[in-house]
Number of protein chains: 2
Amino acid sequence: MKLTCEKYLLQSAVAVSTRAAASKSPIPTLEGILLEAGEDLRVTGYDLKKGIYTNIEAEVSEPGSVVLDAKLFGEMVRKMPDGIVSIVTDSQNMTTVKCGKSEFSFMGMDSGEYPELPSVDGLKTYTINQGVLKSMINQSIFAVSDNDARPVYTGSMFEVENGILTLVSVDGYRLALRREAIEGPAEHNEFIVPGAALSDLERISAPDSEETVRISVGGNHVSFTVGKTVIVSRRLEGDFLNYKKALPEVFKLQIKVNRSEILRATDRVVLIVDEKTKNPVRMTFNEGFIDFRCTTPIGKAEDVCFCEGNGEGMEIGFNGKYLMDALKAAPADELIVCLNTSSSPCVILPADGSDKFKFMILPIRLRA
Amino acid sequence: MKLTCEKYLLQSAVAVSTRAAASKSPIPTLEGILLEAGEDLRVTGYDLKKGIYTNIEAEVSEPGSVVLDAKLFGEMVRKMPDGIVSIVTDSQNMTTVKCGKSEFSFMGMDSGEYPELPSVDGLKTYTINQGVLKSMINQSIFAVSDNDARPVYTGSMFEVENGILTLVSVDGYRLALRREAIEGPAEHNEFIVPGAALSDLERISAPDSEETVRISVGGNHVSFTVGKTVIVSRRLEGDFLNYKKALPEVFKLQIKVNRSEILRATDRVVLIVDEKTKNPVRMTFNEGFIDFRCTTPIGKAEDVCFCEGNGEGMEIGFNGKYLMDALKAAPADELIVCLNTSSSPCVILPADGSDKFKFMILPIRLRA
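What counts and what doesn't
Residue indices begin from 1 for each chain and proceed along its sequence in written order. Lettering of chains starts at A and numbering of ligands starts at 1, both following the order in which they are written. For a predicted model such as this one, the threshold for reporting local features is a pLDDT of at least 70, and the threshold for listing and counting side-chain atom pairs is 80 or more; totals across whole chains, interfaces and linings nevertheless cover every residue. To get the side-chain values, take all heavy atoms of the structure and skip hydrogens and water. Secondary structure counts use DSSP, requiring at least four H or I residues in a row for a helix and at least two E residues in a row for a strand, with both numbered from the N terminus. Partly exposed describes any residue whose relative accessible area lies between the buried limit of under 20% and the exposed limit of over 50%, with all areas from a 1.4 Å probe on protein chains only and scaled to the type maximum. Every accessible area reported is derived by Shrake-Rupley at a probe size of 1.4 Å, with residue values counting cover from the shown protein chains alone. Charge counting follows a simple rule: Lys and Arg are positive, Asp and Glu are negative, and His as well as the terminal groups are ignored. By convention, the point assigned to a charge is CZ for Arg, NZ for Lys, CD for Glu and CG for Asp. The pairing criterion for strands is at least two bridges between them, as found by DSSP. Axis definition: a line fitted to C-alpha atoms, limited for helices to the stretch in contact. Angles are taken between N-to-C directions and run from 0 to 180 degrees. Contacts between residues were defined by any pair of non-hydrogen atoms, one from each residue, lying within 4.5 Å. Buried area is understood as the total, over both parts, of accessible area removed when two parts are fitted together, assessed with a 1.4 Å probe. Every case where a carboxyl oxygen of Asp or Glu lies within 4 Å of a side-chain nitrogen of Lys or Arg is listed as a salt bridge. For this analysis, a polar contact is any N or O atom pair within 3.5 Å, provided that within protein one partner can donate a hydrogen and the other can accept it, and provided that sequence-adjacent residues contribute only side-chain to side-chain pairs. Only Asp, Glu, Lys and Arg are considered charged in this grouping, and only Ala, Val, Leu, Ile, Met, Phe, Trp, Tyr, Cys and Pro are considered nonpolar; every other residue, Gly among them, is considered polar. Using protein atoms alone on a 1 Å grid, points that fit a 1.4 Å probe yet trap it form a cavity, whereas open point sets bounded by protein on both sides within 12 Å along at least five of seven lines form a pocket; residues with an atom within 4 Å of a point count as lining. Grid points are joined across faces, edges and corners, and a volume is the space filled by probe spheres set on the points. Centres within 6.5 Å are what make two rings of Phe, Tyr or Trp a pair, Trp counting through its six-membered ring; a difference in plane orientation under 30 degrees is then read as stacked, over 60 as edge-to-face, and the rest as tilted. Each ring is checked for a lysine NZ or an arginine CZ that lies within 6 Å of its centre and within 35 degrees of its normal; such an atom marks a charge sitting over the ring. Convention used here: angles under 35 degrees read as roughly parallel, angles over 145 as roughly antiparallel, angles from 65 to 115 as roughly perpendicular, and any remaining angle as oblique. Crossing handedness follows the turn of the near helix against the far one: under a right angle anticlockwise gives a left-handed crossing, and clockwise gives a right-handed one. Domain extents, as shown, originate in an automatic or database domain assignment. A residue counts toward the fit only if its pLDDT is at least 70 in both copies, and the copies are then superposed by least squares on the C-alpha atoms of those residues.

Looking only at helices and strands, chain A features seven helices and 23 strands. Principal-axis analysis of the C-alpha atoms gives chain A an extent of 75 × 50 × 35 Å. The burial tally for chain A puts 53% of its 368 residues in the buried class. Total accessible area on chain A is roughly 16,700 Å²; 47% of this is exposed by carbon and sulfur atoms. Looking at chain A, you have 41 positive and 51 negative side-chain charges, and the mean spots of the two groups are 6 Å apart.

Turning our attention to the sheet that holds strand S15 (residues 212-217) of chain B. Note: strands within a sheet are paired through backbone hydrogen bonds, in either parallel or antiparallel orientation. Residues and elements named next belong to chain B. The strand order S6-S2-S3-S4-S17-S16-S15-S10 describes an open sheet built from eight strands, whose pairing is antiparallel. Taken across any chain shown, the strands that pair with only one partner, and hence form the sheet edges, are strand S6 (64-69) and strand S10 (124-129). The average angle at which neighbouring strand axes cross in this sheet is 20°, direction not considered. Two strands pair when backbone bridges link them, and S10 and S15 are joined in this way by six bridges, in the antiparallel orientation. Within S15, the residue paired with Ile-128 across the bridge is Val-213. On the sheet, helix H2 (residues 70-79) packs against strand S2 (32-37) and S6 and is oriented at approximately 95° with respect to S6. Seen against the sheet, helix H3 (residues 130-138) touches S10, S15 and strand S16 (221-226) and runs at an angle of roughly 90° to S10.

All right, on to the interface of chain B and chain A then. Residue-level contacts link 25 residues of chain B with 25 residues of chain A. When chain B packs against chain A, close to 2,200 Å² is buried across both sides, 62% of that on carbon and sulfur atoms. On the chain B side of the contact with chain A, Lys-79, Arg-268 and Leu-271 of chain B bury the most area, a combined 28% of that side's loss. At the junction of chain B with chain A, the criterion picks out two salt bridges. Here Asp-267 of chain B ties to Lys-79 of chain A by a salt bridge, and the two come within 2.8 Å at their closest N and O atoms. At the junction of chain B with chain A, the criterion picks out 12 residue pairs in polar contact (both at pLDDT 80 or more). At the level of secondary structure, the elements contributing two or more residues to the side of chain B that touches chain A comprise H2, strand S9 (102-107), helix H6 (259-269) and strand S20 (299-318) of chain B. Element by element, the count of residues in the side of chain B that touches chain A is highest for S20 of chain B, at seven residues. A breakdown of the residues in the side of chain B that touches chain A according to their chemical character gives 13 nonpolar, three polar and nine charged. Where strand S20 (residues 299-318) of chain A meets S9 of chain B, four bridges bridge the pair, whose relative direction is antiparallel. Residue pairing for S9 of chain B: Lys-300 of chain A is matched across the bridge by Ser-105 of chain B.

Let us look at empty space enclosed by the protein. Empty space among the atoms can be located by rolling a probe the size of a water molecule over them. Residue and element names in this part refer to chain B. By the definition in use, this model includes one cavity of 30 Å³ or more. Within this model, the largest cavity holds a volume of roughly 40 Å³. If you go around the largest cavity, the residues you meet are Ile-262, Met-283, Phe-285, Phe-318, Leu-323, Leu-327, Val-337, Cys-346 and Ile-348. Residues that form the lining of the largest cavity fall into these classes: nine nonpolar, no polar and no charged.

On to the packing of aromatic side chains, then. In total, this model carries 12 aromatic pairs over all chains according to the counting rule given. A cation over a ring is seen here: Arg-42 of chain A above Tyr-53 of chain A, with NZ or CZ 3.9 Å from the ring centre.

With that out of the way, let us pick up the packing of H6 of chain B against helix H7 (residues 320-329) of chain B. Residues and elements named next belong to chain B. Running from amino to carboxyl end, H6 crosses H7 at an angle of 155°, the nearest separation of the two axes being 10 Å. Classed by the angle they form, the pair H6 and H7 counts as roughly antiparallel. For the element pair H6 and H7, the recorded crossing hand is left-handed. The residues of H7 that touch H6, namely those facing Arg-259, Ile-262, Leu-263, Thr-266 and Asp-267, are Gly-320, Leu-323, Met-324, Leu-327 and Lys-328.

As assigned here, chain A comprises domain 1 (2-113), domain 2 (124-244) and domain 3 (247-361). Relative to domain 3 of chain A, the C-alpha centre of domain 1 of chain A lies at a distance of 49 Å.

Taken together, the buried positions of helix H3 (residues 130-138) of chain A are occupied by Gln-130, Gly-131, Leu-133, Lys-134, Met-136 and Ile-137 of chain A. The N-cap residue of H3 of chain A is Asn-129 of chain A: its side-chain oxygen and the backbone nitrogen of Gly-131 of chain A are 2.8 Å apart.

Our next topic: the relation of the copies chain B and chain A. The two copies are related by a screw operation: chain B maps onto chain A through 180° of rotation and 0.0 Å of translation along the axis, at an RMSD of 0.0 Å. What the superposition gives is, in effect, a two-fold axis relating one chain to the other. Of every C-alpha in chain B, the one belonging to Ser-23 of chain B sits nearest the axis of rotation, 16 Å from it. Here 100% of the contact residues of chain B are again contact residues in chain A; the copies associate through an equivalent surface.

What follows is about the sheet that holds strand S15 (residues 212-217) of chain A. Residues and elements named next belong to chain A. Strand order in this open sheet of eight strands is S6-S2-S3-S4-S17-S16-S15-S10, and the pairing throughout is antiparallel. Because the sheet does not close on itself, it has two edges, and the strands there are strand S6 (64-69) and strand S10 (124-129). Here the strands of the sheet are splayed against their neighbours by 20° on average, with no regard to which way each runs. The sheet contact formed by strand S16 (residues 221-226) and strand S17 (residues 229-234) spans six bridges and is antiparallel. When the sheet's bridge partners are listed, Phe-224 is paired in S17 with Ile-231. Contacts from helix H4 (residues 195-204) reach strand S4 (50-56), S16 and S17, with the element oriented near 165° to S17.

With that settled, consider the environment of Ala-329 of chain A. Residue and element names in this part refer to chain A. Relative to the helices and strands, Ala-329 is located in helix H7 (residues 320-329). Relative accessible area serves as the criterion here: at 12%, Ala-329 is assigned to the buried category. The sequence separation of Ala-329 and Phe-306 amounts to 23 residues, and the corresponding C-alpha distance is 20 Å. Once you skip the residues sitting within four places of it in the chain, Ala-329 turns out to touch Gln-139, Phe-142 and Phe-359.

What follows concerns the environment of Glu-334 of chain A. Residue and element names in this part refer to chain A. Of note, Glu-334 is situated in strand S21 (residues 334-339). It is 44 Å that separates the C-alpha atoms of Glu-334 and Lys-71, two residues lying 263 residues apart in sequence. Within the local environment of Glu-334, its side chain forms a polar contact with the side chain of Asn-258, the two groups lying 3.2 Å apart.

Now for the pairing of strand S9 (residues 102-107) of chain A. Residues and elements named next belong to chain A. Sheet topology note: the strand S8 (residues 94-99)/S9 ladder contains six bridges and is antiparallel. The partner of Met-94 across the bridge, within S9, is Met-107. The loop that links S8 with its antiparallel partner S9 comprises two residues; one of these, Gly-100, has a positive phi angle of about 55°.

What follows is the structure in structure tokens.
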């Protein structure tokens with residue numbers, strides 16, 4: 001293999017694909033990134049669960065491929081002076097990387113031992129604005145389960161219907177739903193994408209980009225194309241919660257709150273929560289204000305947050321962290337907190353009446 | 001104890017004094033900070049080696065004292081709404097902290113169990129510009145030893161003579177010296193301050209402040225007064241290196257280099273250095289350029305840096321990290337690298353001829 005390319009293009013391709021390289025693996029090549037030089041240069045990272053590759057322009061004088069240690073090669077390229085980088089790999093995989101007066105020689109690994117990325121037999125293809133999808137992931141991924149006991153919940157469900165994408169994450173204690181318009185086949189489709197792939201997708205996507213992400217959904221895999229970069233992930237199998245049934249529709253009480261006010265009050269009272277006993281935050285919904293109280297082995301905390309509406313004195317207890325996560329993620333300044341009883345789920349909605357998000361949290365039983 | 005004070009004053013006092021609180025200690029009060037209310041409020045952190053205290057304005061309606069968990073109280077104050085904080089401690093040390101609608105109650109600890117800070121029997125007092133002392137510490141502390149075998153080298157020596165402060169750190173492999181004017185008694189004085197106290201002092205000091213630091217040197221302790229904050233530390237005892245003898249004065253070769261160029265070349269070749277074998281970076285000083293070479297089990301690296309002067313082909317090996325530390329710290333754009341032989345110490349000086357800093361590094365023997 002013999003090629004030259006722009007340092008800054010190579011640097012960003014290596015940084016992006018390294019996200020998918022394994023940090024520790026019994027298969028040494030998986031700790032590397034694969035360089036494949038043909039018409040251009042493809043840089044790939046893959047940990048058997050998900051892969052990321054990106055193509056960059058290169059002057060290839062001798063096609064070929066090699067696997068290079070991801071961390072070492074990444075640092076090397078990052079620290080090189082700006083300019084044109086030349087990469088030469090001999091038949092023994094000895095690789096020489098040069099830029100200006102800097103030169104490194106080190107052993108690469110045989111690309112023949114690099115596992116092949118799954119091909120996505122692209123049956124259905126959707127497109128959605130990059131910044132929008134980024135925000136949807138960012139604002140719902142907190143509810144993805146980190147417990148491997150039910151693997152299906154370590155991912156988020158993508159439900160597409162009539163030009164609307166609904167993204168749902170759920171971990172048994174709470175649920176997060178985000179909804180936006182999407183382009184693609186109108187008929188109903190559902191697939192579950194691992195949280196790890198979604199967090200990479202979220203990081204790779206630009207917040208304010210008007211560019212679209214192309215989502216290709218195959219039988220076992222799904223791919224996301226962001227500019228010249230592609231993330232390929234297996235789909236998660238299994239029965240996902242029927243979120244439509246799980247989310248209550250009718251509420252006895254609907255209380256309007258300012259997001260940052262309720263967030264600050266919660267943030268303060270949870271200070272006193274004991275990491276071990278995870279004591280609940282007790283909220284009392286009165287007319288015009290919500291009382292927060294928390295008593296733990298550490299001490300007592302009390303706070304107050306103004307609200308619009310009358311809570312009729314209803315008392316309800318929450319895991320403070322779950323409440324914080326939902327309040328932090330909610331993309332609206334004004335929220336509606338919907339309640340039925342002290343022992344039934346609480347739903348948080350945007351106050352503007354849109355259906356962009358719905359966050360549900362199960363309460364914790366309070367001792368009298 | 002009963003008092004009110006401005007939240008932002010309390011917040012910064014707690015943040016600063018917490019630096020000296022012990023993170024884990026068999027004496028529980030040392031993990032806390034001491035509040036003492038008299039004419040004003042004094043906030044103290046102390047880990048038996050060093051203490052930091054600061055006084056802030058407070059309306060004290062009932063003098064007294066209490067020790068509060070440093071982490072919890074710090075977070076509490078930080079998250080409180082802006083305004084006036086009230087702190088009330090009863091005779092059982094039950095403490096209530098209030099601000100606006102927020103209220104916390106929790107157990108404090110008995111201030112009687114808090115060890116008394118050593119008093120500095122201030123024999124000699126010096127003053128120096130805050131930003132200047134900050135830079136002196138910042139640019140020499142890297143050479144302080146982290147090895148407890150010779151405790152005296154875990155600190156930096158302050159040598160004062162004829163209005164000049166010389167700060168010297170040395171760890172057996174390298175030496176860093178910084179020198180600036182200071183005000184105070186003219187006669188010779190020397191004292192050794194633990195590196196831990198100096199790094200707190202460095203962090204507390206403002207970089208561009210024209211305010212002075214007052215240094216009071218007692219028989220066993222030294223204190224640094226920065227604005228309303230005082231750091232008290234024990235002095236380290238023992239024989240410190242005679243740096244005047246250790247630093248060579250005459251050199252066979254003096255090579256002028258641009259700091260950022262030589263830093264970047266070194267930064268690249270050390271990439272290939274194996275953490276375990278710590279292979280040396282081989283530098284060859286030629287006429288007009290320095291060759292860098294490094295061969296390790298990982299691979300080979302080569303680089304070039306331009307210079308002024310003729311090195312006559314001298315080859316010398318360095319621990320790349322030590323070279324990097326000195327080059328990063330050096331407060332000058334142009335440096336002189338002074339050499340005698342491949343096996344004698346290298347000294348790095350500012351090219352402008354000043355004596356503001358001298359960094360010495362011992363070479364590593366190279367295999368042929």
